[in-house]
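# Secondary and tertiary structure notes
One-letter residues, chain by chain:
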Amino acid sequence: MCRVCVTMFGFGSLLTMLVVGAPVALGVPTLTVDSFEDTFDGSCVDGDCSFRDAIAAVDPGGTVRMPPGFYPLTLAGGGAAAGDVDLDRPVTIVGIGETGTFIGASALGDRGFQVTTDVVLRHLTLLGGSAVETGGVVRATSGTLTLHRATIFGGRARDGGAIAVGGDATATIQRSWISESRAEGRGGALLVRGTTVLSRTTISGNRARGGGGAFVAPFASLSIDDATVSQNAAVRGGGIRGIGDVDLFSSTVAANRAEVGGGVLLSQTSESTTTN
């Protein structure tokens, strides 16, 4: 009898020790970048927290805060430690402060960001990006990409000079500016293969062969609400070239240039709406 009691007491004590002594996982919902250098060791508890470190270390669905300044992406290559920044876990990246947060990919030999999940980019200026196949600055292949009060400037790609939205992706672009981006083929600023909504956004000064401002592929949709598409240039569709659906609500399409369809050039298959 006693032997049983002692055994049970010992087992209970062991359970208590295991429970009490077990390490508690601490979440990291918010991280603040404290280095302008493009380095990566995956940790923000070792004395420095680069942009890539913060992306790797923050909780899924967490927030990475970037103080004002210029953050050049320079680690060329592939994988999480180099090349474009792979955003494959939900995250919000926000620039803080009044003087602006600039992320530059012009020296990377790649685009800036590859998005495969739900991502919010807010209060950021994204610069450059080298000539890639699709999405000179940002390519979203799945998930939901949200840009709010962002500027994208100077992207280069074969298609989608600044942003490419894939067929399994959705993009919402609010109060932003996309300018001076180039595509050899389609979509100087935007290549839309999925669903994209522009609101209070300006697309200006972009160039492509088809769709200087935006190219909307078959079965895709672009909704433009209270936005401006101006001073873009193309061979076909200076402002917008739409094979998929294009809806314009209280927006301005002006001063775009093309050999065919200076403002908006729509295919017969495009189901489009214009409302003032």
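Okay, so let's go over this structure. (Residues numbered from 1 in each chain as written. Predicted model: local features only at pLDDT ≥ 70, side-chain atom pairs only at ≥ 80, totals over all residues. Heavy atoms only, no water.)

## Some words on the sheet that holds strand 15 (residues 177–179)
Heads up, the rule is: Between any two strands, pairing holds if DSSP finds at least two bridges. The helix count covers DSSP runs of H or I at least four residues long, the strand count covers runs of E at least two residues long, and both are numbered beginning at the N terminus. Geometry is summarised by axes, namely lines fitted to C-alpha atoms with helices restricted to the contacting stretch, and by angles between N-to-C directions that run from 0 to 180 degrees.
Ordered in space as 3-6-9-12-15-19-22-26, the eight strands form an open sheet in which the pairing is parallel. Only two strands of the sheet have a single neighbouring strand rather than two, namely strand 3 (69–72) and strand 26 (252–254). Averaged over all pairs of adjacent strands, the angle between strand axes in this sheet comes to 10°, irrespective of strand direction. Two strands pair when backbone bridges link them, and strand 12 (residues 151–153) and strand 15 are joined in this way by three bridges, in the parallel orientation. Bridging across to strand 15, F153 finds its partner in S179.

## As for the side chain of T196
Quick reminder of the rule: Here's how the labels work: a residue is buried when its accessible area is under 20% of the maximum for its type, exposed when over 50%, partly exposed in between, all with a 1.4 Å probe on protein chains only. In this description, contact between two residues means that some pair of their heavy atoms is separated by no more than 4.5 Å.
Structurally, the position occupied by T196 is in strand 18 (residues 195–199). A relative accessible area of 1% places T196 in the buried class. Residues contacting T196, with those up to four places away along its chain left out, are V165, A171, I173, S221, L222 and S223.

## Focus on the sheet that holds strand 16 (residues 182–183)
The strand order across the open sheet built from three strands is 10-13-16, with neighbouring strands paired in parallel fashion. The open sheet has two edge strands, strand 10 (132–134) and strand 16, and neither has a second partner. As paired elements, strand 13 (residues 156–159) and strand 16 share two bridges and run parallel to each other. Paired with R156 across the strands is R182, a residue of strand 16.

## A closer look at unusual backbone geometry
We note that R175 has phi near 50°; this positive angle belongs to a residue other than glycine. Relative to the helices and strands, R175 resides in the loop between strand 14 (163–174) and strand 15. In this structure, F219 is a non-glycine residue whose phi angle is positive, near 70°. Note that F219 resides in the loop between strand 20 (214–216) and strand 21 (221–225). What makes F219 exposed here is its relative accessible area of 88%.

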